[in-house]
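Residues per chain, in single letters:
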Amino acid sequence: MAIEKMKMPQLGESVTEGTISNWLVKPGDHVQKYDPIAEVMTDKVNAEVPSSYTGTIQELLFDEGETVPVGELICSIETEGAGTGQEAEAKPDQSMKPSEADGKNEGTSQSSGSPRYSPAVLMLSQKHNIDLNNLSGTGAGGRITRKDVLKAVENGSEAVQVPAQSQVEREPVSKGQSAPRKNPVQTAANDTIIPVSGIRKAIAQNMTRAKQEIPHAWTMIEADVTGLVSARDALKTEFRKNEGYNLTYFAFFVKAVAQALKEFPEMNSMWDGDRIIRKKDIHLSIAVATDDALYVPVIKHADEKTIKGIAREIHELAGKVRSGKLSADDMQGGTFTVNNTGSFGSVQSMGIINHPQAAILQVESIVKRPVVLEGNMIAIRDMVNLCLSLDHRVLDGLVAGRFLARVKGILEGMNEKTVTIY
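Note that residues are indexed from 1 along each chain, following the sequence as it is written. Thresholds applied to this predicted model are a pLDDT of at least 70 for local features of residues and 80 or more for the giving and counting of side-chain atom pairs; totals over whole chains, interfaces and linings are not thresholded and use all residues. The side-chain quantities take in all heavy atoms of the structure and omit both hydrogens and water.

Engineer: How would you summarise the pattern of salt bridges if you had to cite specific residues and measurements?
Structural biologist: What counts as a salt bridge is simple: a side-chain nitrogen of Lys or Arg found within 4 Å of a carboxyl oxygen of Asp or Glu. Going through the model one piece at a time under the given rule, you end up with 15 salt bridges. Of the charged contacts in the structure, one is a salt bridge between R369 and E222, with a shortest N-O distance of 2.3 Å. A residue pair is termed long-range when its members are at least 10 positions apart, and R369 in strand β21 (residues 367–372) and E222 in strand β12 (residues 216–224) qualify at 147 residues. Between R393 and D391 there is a salt bridge, and its shortest N-O distance comes to 2.8 Å. The rule is simple: take the accessible area with a 1.4 Å probe, protein chains only, and divide by the maximum for that residue type; under 20% is buried, over 50% is exposed, in between is partly exposed. Residue R393 is classed as partly exposed on the basis of its relative accessible area of 27%. A run of DSSP states H or I qualifies as a helix once it reaches four residues; a run of E qualifies as a strand once it reaches two. Both are numbered from the N-terminal end.

Below is the structure:
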């Protein structure tokens, strides 16, 4: 017998810490090598961390909800047979998945002796006024699952309202400690308290860091994409029939941005303390939203891909996000972000830069507007706003303006005669 220790793994490029959102084991549990033992959330993905050994869990060194630096010991395992005597770093599962509050992975633990349930279960119980203390969990280790709550609703269990005020007076700050909120929000009995999930915490931390560290500047330009709209409309039906996925407007915009980045490499840069890193490879991050989170997978070498190839990658990456099959590699290496805010009707917005990148471009809705043409003629045209946020430590308005003008020129030059998608 030997006691082996596991460390917090590095689950992505530039990741320095992870939050243990859910322990999948408890002391005394027997695990096989490569069995998942914990779900760990970073600002990039939610990963299942596998065991590096076969043996018995001896001690969990951190509680659920705690943030742990990469390389810190997280648990110990009593192995079967002779051990190596060396500390092992857990290897991340190659199939990392976005956190889903659907009840499949219930198990956020409460204090010792209390019922075990996830934030999704708590939210569901509050919606139906079910007191979780009155329920017996059927999940692993006695965890209360969504099915337990829904069964209680169907059976007409006595509804006991959880006092709202008591749930917002304190919040955990570190292991074994809690601190009063400086200005607690006053709540009423009919308010719904929604615990902040691991992924929402990671998003909040990343956005806060970006706004605190990066001096954002913002500019916007409008482009006439009437020709692009006409070309896409002429191609979309046959494309869908032949390829099996949609030819979206966004693919044309991503292609235009990739082309412009080749001509303005300054935009494809990152701030690194006392130096600026200008990236040669053009890897475009795109934002893909689920009901409760936002993920930013990456189209690698976007400048080398056709519009068809970009459309296929957008389709595949979006599918991975929504099916929970996004891998760590899918999230790494982005050098510039393009966000399709127009997909939900936005016409003007200011994006928060995806740290450590130097800029993010928001592509807004294409709308028909009356436009004054040459000779003072008025015509109805398809117009789109392109909104650029930039890191003013890295980029100045001059290069940003020229870059936007180039993107505009590329888009306005697209029409049925010039567009090549293959």
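Engineer: Let's hear about the nonpolar core: which residues, and what values?
Structural biologist: Generally speaking, soluble globular proteins have nonpolar side chains that are buried together. By size, the foremost hydrophobic cluster in this structure holds 61 residues, and its most contacted members are M267, L284, F336, L388 and F403. Any pair of residues with heavy atoms lying within 4.5 Å of one another is described as a contacting pair. Look past the residues within four positions of M267 in its chain and what remains in contact with it is L261, F336, A359, L388, L395, V399, A400 and F403. Take the buried residues of types Ala, Val, Leu, Ile, Met, Phe, Trp, Tyr and Cys, join any two whose side-chain atoms come within 4.5 Å, and each joined set is a nonpolar core. Grouped together as the second largest cluster of nonpolar side chains are 20 residues, M8, V31, C75 and I77 included.

Engineer: Hey, could you go over the pairing of strand β19 (residues 336–339) for me, with residue numbers and the actual values?
Structural biologist: Burial along β19 is two-sided: F336 and V338 and T337 and N339, pointing in opposite directions, are all buried. Relative to β19, strand β15 (residues 284–286) runs parallel, the two sharing 3 bridges. Considered in β19, the bridge of S285 is made with T337. With 3 bridges connecting them, β19 and strand β20 (residues 359–363) associate as parallel partners. In the strand pairing of β20, N339 is matched with Q362. Two strands are counted as paired when DSSP detects at least two bridges linking them.

Engineer: Provide a residue-level description of helix α5 (residues 249–263), including the pertinent values.
Structural biologist: A helix's residues, less one, multiplied by 1.5 Å, set its expected span. With 15 residues, α5 should reach 21 Å at 1.5 Å per residue; the first-to-last C-alpha distance of 22 Å fits that figure. Counting buried positions along α5 gives 11 out of 15 residues, so the element sits mostly inside the fold. When α5 is considered as a whole, its buried residues turn out to be F250, A251, F252, F253, V254, K255, A256, V257, A258, A260 and L261.

Engineer: Now, about helix α6 (residues 307–323): what can you tell me, with residues and values included?
Structural biologist: Given a rise of 1.5 Å per residue, 17 residues ought to cover 24 Å, and the 24 Å separating the end C-alpha atoms of α6 matches this to within 8%. Along α6, the positions that sit buried rather than exposed are I307, G309, I310, A311, E313, I314, L317, A318 and V321.

Engineer: Lay out the environment of A359 with the relevant residues and their values.
Structural biologist: Within the secondary structure layout, A359 lies in strand β20. Once the C-alpha coordinates of A359 and H216 are considered, the two residues, 143 residues apart in sequence, prove to be 8.9 Å apart. Not counting residues within four places of it along the chain, the set of residues in contact with A359 comprises M267, F336, T337, I353, L388, S389, L390 and L395.

Engineer: Can you lay out the side chain of S51 for me, pointing to particular residues and giving the numbers?
Structural biologist: The residue S51 is located in the loop between β5 (46–50) and β6 (55–60) in this model. Residue classification places S51 among the buried positions, given a relative accessible area of 1%. Excluding residues within four positions of it along the chain, S51 makes contact with M6, V31, Q32, K33, Y34, D35, I37 and I77.

Engineer: Can you break down the packing of α5 against helix α8 (residues 397–412) residue by residue, with the values?
Structural biologist: Axis lines are fitted to C-alpha atoms, over the contacting stretch for helices. Their N-to-C directions set the angle, which ranges from 0 to 180 degrees. Viewed as axis vectors pointing N to C, α5 and α8 meet at an angle of 135°, and their least axial separation amounts to 9 Å. Judged by the angle between their axes, α5 and α8 are oblique. With respect to the hand of their crossing, α5 and α8 are arranged in right-handed fashion. Note on element contacts: α8 touches α5 through F403, R406, V407, I410 and L411, opposite F252, F253, A256, V257, Q259, A260, L261 and E263. To sort the angles, those under 35 degrees are grouped as roughly parallel, those over 145 as roughly antiparallel, those from 65 to 115 as roughly perpendicular, and the leftovers as oblique. Here a crossing is taken to be left-handed if its near helix is turned anticlockwise relative to the far helix by less than a right angle, and right-handed if that turn runs clockwise.

Engineer: Quick rundown of the environment of A2? Include the residues and the values.
Structural biologist: Within the secondary structure, A2 sits in strand β1 (residues 2–7). Note: C-alpha distance between A2 and I77 (75 residues apart in sequence) is 8.2 Å.

Engineer: Break down unusual backbone geometry for me, citing the residues and quoting the values.
Structural biologist: Look at the link from H355 to P356: it is a cis peptide, with omega at 5°. Residue placement: P356 occurs in the loop between β19 and β20. A positive phi angle, near 50°, is found at H301, a position not held by glycine. Its location among the elements puts H301 in the loop between β18 (298–299) and α6. Given the relative accessible area of 28%, H301 is considered partly exposed.

Engineer: Can you explain the confidence of the model for the protein chain? Please cite residues and give values.
Structural biologist: Parts of the prediction with low pLDDT should not have their coordinates interpreted in detail. Of the residues in the protein chain, 79% reach a pLDDT of 70 or more, and the chain-wide mean stands at 82. When pLDDT is averaged over each element of the protein chain, α5 comes out on top at 98 and strand β10 (residues 170–174) at the bottom at 42. pLDDT gives the predictor's per-residue confidence on a scale running from 0 to 100. Within the model, the stretch residues 83–114 combines pLDDT values under 50 with 98 contacts to residues more than four positions away or in other chains. Confidence over residues 157–179 falls short of pLDDT 50; this stretch has 44 contacts with residues more than four positions distant or in other chains.

Engineer: Can you lay out a nonpolar patch on the surface for me, pointing to particular residues and giving the numbers?
Structural biologist: Patches here are clusters of residues that have more than 30% relative accessible area and form no salt bridge, with a 9 Å joining cutoff for like charges and a 5 Å cutoff for nonpolar side chains (Val, Leu, Ile, Met, Phe, Trp, Tyr). Accessible surface is estimated by sampling points in the Shrake-Rupley manner with a 1.4 Å probe; for residues, cover comes only from the protein chains shown. Where nonpolar side chains cluster on the molecular surface, the patch consists of W218, M220 and M350 and spans about 280 Å² of accessible area. Tracing the sequence through the fold places W218 in strand β12.

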